[in-house]
Amino acid sequence: MKKMIDIDFGSSRYDESVALRYKILLEPLGLKFLDTHRAKEAEYLHIGCIENLDDRLVGSLILAPVDNEIIRMMQVAVDTRYQGEGIGREMVAYAEKRAKEAGFAKIIMHAMLSVVSFYEKIGYRQEGEIFEEQGITFAKMVKDLK
């Protein structure tokens, strides 16, 4: 049994989230998590997925307001042992619900090309040209929340 939670910035759960995002998203690419990023994350909404059996954080993502209408979803990570179980889909649905509750009209993200089809299946559309950041190829994905 899994449940979606909001994670308080600076909490021990937040530290778990940083560690999970690093392990899944950054380490395989040879990138480091810079502590200078932590200060920016204080203003973001942090969402996690907990495995109820052992209270383990198995998924995490960030929602970062862009302006009053748009929020950006970033660093969606699911522990490799739990990938393929629908956790990503559930976390994204929960994130969309939280973004709507906060009054945002649109959610955007930069998706690595390997996951574009996942996001298309859950209602996101690709917008604009494919682009590169730090040697990684991305597509901008958008979903209207209204």
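Look above for the structure.
Residues numbered from 1 in each chain as written. Predicted model: local features only at pLDDT ≥ 70, side-chain atom pairs only at ≥ 80, totals over all residues. Heavy atoms only, no water.

Novice: Any chance you could explain the sheet that holds strand β2 (residues 45-51) here in plain terms?
Specialist: Hydrogen bonds along the backbone pair up the strands of a sheet, which may run parallel or antiparallel. With mixed pairing, the seven strands of this open sheet are ordered in space as β1-β2-β3-β4-β5-β7-β6. A single partner strand is all that each edge strand has here, and the edge strands are β1 (2-7) and β6 (125-133). Strand-to-strand twist of the sheet, defined as the mean angle between neighbouring strand axes without regard to direction, takes the value 25°. In the sheet, β2 pairs with strand β3 (residues 56-65) via seven bridges, with the strands oriented antiparallel. (Pairing = 2+ DSSP bridges. Helix = DSSP H or I, 4+ residues; strand = E, 2+ residues; numbered from the N terminus. Axes fitted to C-alpha atoms, helices over the stretch in contact; angles between N-to-C directions.)

Novice: Help me understand the packing of aromatic side chains in this model?
Specialist: Aromatic rings considered in pairs are described by the distance between their centres and by the relative angle of their planes. Throughout the structure, instances matching the rule amount to four aromatic pairs. A centroid spacing of 5.6 Å and a plane angle of 80° characterise the contact between Y119 and Y124, whose relative ring orientation is edge-to-face. The pair Y119 / Y124 is uniform in exposure class, with both members buried. Taking 5.9 Å as the distance between ring centres and 25° as the angle between the ring planes, the aromatic pair formed by F131 and F138 counts as stacked. One aromatic cluster in this structure is built from F118, Y119 and Y124. (Phe/Tyr/Trp six-rings, centres within 6.5 Å; stacked < 30°, edge-to-face > 60°. Buried < 20%, exposed > 50% of the residue type's maximum accessible area, 1.4 Å probe, protein only.)

Novice: Help me understand the pairing of β3, please; the structure alone is not making it clear to me.
Specialist: The side chains of a regular strand alternate, first on one face of the sheet and then on the other. Counting buried residues in β3 gives eight out of 10 residues, a clear majority hidden from the surface. Taking the residues between adjacent antiparallel strands as the criterion, β2 and β3 are bridged by four residues, where D55 takes a positive phi near 55°. Alignment of β3 against strand β4 (residues 70-78), held across six bridges, turns out to be antiparallel. Its bridge partner lying in β4, I62 is registered against M74. Connecting β3 to the antiparallel partner β4 that follows it, the hairpin turn spans four residues.

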